[in-house]
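As a plain string of letters, each chain reads:
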Amino acid sequence: MSPSCQPPPLPPDATRRPPALSPMLLSVLVYPGAGQLMQKRWGAGVGFALAFTIPLAWFVVEVCRVLSAYYAFMVDFKGATGVAPGAAAIVMPLFLSLGIYIAGLVDTAVAAYRIRMKSRVHPTF
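J.: Explain the overall build of the protein here, please?
T.: Counting secondary structure elements, the protein contains five helices and zero strands. Along the protein, from the amino end to the carboxyl end, the secondary structure elements read α-α-α-α-α. Nonlocal contacts in the protein, meaning residues at least 24 apart in sequence, comprise 56% of its contacts between residues at least 6 apart. Looking at the protein as shown, the accessible area adds up to about 9,500 Å², and 72% of this sits on carbon and sulfur atoms.

Structure representation (structure tokens):
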């Protein structure tokens, strides 16, 4: 086989493998804000992590209040008040944390797209 029959070498960008853990995967599986931290966007990462943690903690507290009321009713039937927080007490912090979670994913995806576009070499005509 002669050297002229071989294909040209690939440019350096084409041979580079993508990272095993992408920022999007970290944001989805680990915690909101982890993808932004991997992208070295410290403010956005800490902001999304805190913004998600607060309504998540609120949600957990409300779920514990509901469970406490029902378990008190089960264990101490005569002494229990039978009053539990309504469904809105759980739904609002759940949707708030879900909205922040989705906003964090969108932010990670948009930032990854911008980083990819910025790193591309555009030919000049």
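J.: Is there a simple way to explain helix H5 (residues 87–119) in this structure?
T.: An α-helical turn contains 3.6 residues, so a residue and the one three or four places further along point in the same direction. Look at H5: 48 Å from first C-alpha to last across 33 residues, which is about the 48 Å you get at 1.5 Å a residue. For H5, the complete set of buried residues consists of Pro 93, Ser 97, Ile 100, Gly 104, Leu 105, Thr 108 and Ala 111. Contacts from the buried residues of H5 go to helix H2 (23–29), helix H3 (34–38) and helix H4 (42–75).

J.: Before we go on, may I ask you to explain unusual backbone geometry in this structure?
T.: Phi is mostly negative for residues that are not glycine, and the peptide bonds are mostly trans. Positive phi, normally seen in glycine, also occurs at Lys 40, with a value near 65 degrees. One can find Lys 40 in the loop between H3 and H4. Looking at Lys 40, the relative accessible area reads 62%, which means it is exposed.

J.: Help me understand the side chain of Ser 27 in this model?
T.: Take Ser 27: it is sitting in helix H2. Side chain to side chain, Ser 27 and Thr 108 meet in a polar contact 3.2 Å long. Sequence-distant contacts of Ser 27, defined by excluding residues within four places in its chain, comprise Pro 32, Gly 33, Ala 34, Gly 35, Gln 36, Tyr 101, Leu 105 and Thr 108.

What counts and how
Residues numbered from 1 in each chain as written. Predicted model: local features only at pLDDT ≥ 70, side-chain atom pairs only at ≥ 80, totals over all residues. Heavy atoms only, no water. Helix = DSSP H or I, 4+ residues; strand = E, 2+ residues; numbered from the N terminus. Contact = heavy atoms within 4.5 Å. Areas by Shrake-Rupley, 256 points an atom, 1.4 Å probe, with all protein chains shown as cover. Expected span 1.5 Å × (residues − 1). Buried < 20%, exposed > 50% of the residue type's maximum accessible area, 1.4 Å probe, protein only. Polar contact = N/O pair within 3.5 Å; in protein donor to acceptor, adjacent residues only side chain to side chain.

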